[in-house]
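Structural overview for review
Listed below are the residues making up each chain.
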Amino acid sequence: VQTIINDPILKIPEAIEIRWLSHYKIVHAIKQSYIAIATTCEHIPQDVSNLASLAGGILLSLREESFIILLCGLDEILGAVSNLSLTLQSPNLCISVLPTIIKSTKDHLNKIAESLKAYNDLVVDHFNDNEADDLSTPFTQYVEGGSLTPIYGMRSLGIDPTNGQELFVKKN
């Protein structure tokens, strides 16, 4: 039919892994080897200055709370999407199981989103707790669809003369 109506003949390409699936493999490998990578960076000899400074920079990133959370989150998210994609690419795919597979993946991703919201709630509760000792320590908050490296600030009312503590304007 396509030849008769002068439409190009389209072929369905062979199902192969696309780029983000290979990202999952990389993220998963880093997560699995996290301790070995950190230990190696700690033990690179200091006399090799360029390599030592690069390893030191990598080690600083590896130790950041936001890196660890991001690594674990990406491993979970990309793992779920990778599994769905590989299932959809299977030559033995049974169409009748698609709704179940898709629902399972959506539920898994929603569970991850709920976990991040619960984490954010803990951070907010911590800063709303007037008796917390470390209110000056920054904590990462995650906003759905937002940047992973945002900077939030609070407007200052100045120093309270009665106790010497800085007073901040809260959202509410």
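Quick caveat: nothing in here was measured; it's all calculated off a predicted structure. (Residues numbered from 1 in each chain as written. Predicted model: local features only at pLDDT ≥ 70, side-chain atom pairs only at ≥ 80, totals over all residues. Heavy atoms only, no water.)

1. What about the pairing of strand β1 (residues 156–159)?
Note the threshold: By the convention used here, strands pair only if DSSP detects at least 2 bridges between them. Each helix is a run of H or I in the DSSP string that is no shorter than four residues. Each strand is a run of E no shorter than two, and both are numbered from the N terminus.
Bridge count between β1 and strand β2 (residues 166–168): three bridges; the pairing is antiparallel. Bridge pairing in β2 links Gly-158 to Leu-167. Between the end of β1 and the start of β2, which pair antiparallel, lie six residues, with Gly-164 showing a positive phi angle near 80 degrees.

2. Topic: the packing of helix α4 (residues 65–89) against helix α5 (residues 98–128)
Definition in use: With axes taken as lines fitted to C-alpha atoms, and helix axes fitted only over the stretch in contact, angles between N-to-C directions fall between 0 and 180 degrees. Geometric relationships in this document are graded by angle, where less than 35 degrees denotes roughly parallel, more than 145 denotes roughly antiparallel, 65 to 115 denotes roughly perpendicular, and other angles denote oblique. Any two residues having at least one pair of non-hydrogen atoms within 4.5 Å are treated as being in contact. Residues are sorted three ways: Asp, Glu, Lys and Arg are charged, Ala, Val, Leu, Ile, Met, Phe, Trp, Tyr, Cys and Pro are nonpolar, and all the rest, Gly among them, are polar.
Running from amino to carboxyl end, α4 crosses α5 at an angle of 170 degrees, the nearest separation of the two axes being 9 Å. By the angle class used here, α4 and α5 are roughly antiparallel. Taking contact as the criterion, the partners of Glu-65, Ile-69, Glu-76, Ile-77, Ala-80, Val-81, Leu-84, Thr-87 and Leu-88 in α4 are, on α5, Leu-98, Ile-101, Ile-102, Thr-105, His-108, Leu-109, Ile-112 and Tyr-119. When grouped by side-chain class, the residues that make up the contact of α4 with α5 number twelve nonpolar, three polar and two charged.

3. Topic: the nonpolar core
The tendency in soluble globular proteins is for nonpolar side chains to be buried side by side. As a reminder of what qualifies: As used here, the term nonpolar core means buried Ala, Val, Leu, Ile, Met, Phe, Trp, Tyr and Cys residues forming a set that is joined through side-chain atoms within 4.5 Å. Working definition: with a 1.4 Å probe on protein chains only, accessible area under 20% of the residue-type maximum means buried, over 50% means exposed, and in between means partly exposed.
In this structure, Ala-38, Cys-41, Ile-44, Ala-55, Leu-59 and Leu-62 together form the largest nonpolar core, which totals six residues. Here the element with the most residues in this core is helix α3 (residues 49–63); it accounts for three residues. In contact with Ala-38, other than residues within four places in its own chain, are Leu-59 and Leu-62.

4. A look at the layout of surface pockets
Convention followed: A cavity, in this analysis, means grid points on a 1 Å lattice covering only the protein atoms where a 1.4 Å probe fits yet has no way out; a pocket is instead an open set bounded by protein on both sides within 12 Å along at least five of seven lines, and a residue lines either one if it has an atom within 4 Å of a point. Grid points are joined across faces, edges and corners, and a volume is the space filled by probe spheres set on the points.
When its volume is computed, the second largest pocket comes out at roughly 560 Å³. What lines the second largest pocket is a set of 23 residues, among which Ile-77, Ile-112, Ala-113, Leu-116 and Tyr-142 lie closest to the centre. When contributions to the lining of the second largest pocket are tallied by element, the ones reaching two or more residues are α4 and α5. Class assignment of the residues belonging to the lining of the second largest pocket gives a composition of twelve nonpolar, seven polar and four charged.

5. Section: the pattern of salt bridges
Note the threshold: Salt bridges are counted wherever a side-chain nitrogen of Lys or Arg sits within 4 Å of a carboxyl oxygen of Asp or Glu.
Considering all chains together, one arrives at three salt bridges under this definition. Put simply, Lys-31 and Asp-75 hold a salt bridge, and the shortest N to O gap is 3.2 Å. Taken together, the positions of Lys-31 in helix α1 (residues 19–32) and Asp-75 in helix α4 put the pair 44 residues apart, joining distant regions of the chain. Lys-31 gets classed as partly exposed once you look at its relative accessible area, which sits at 29%.

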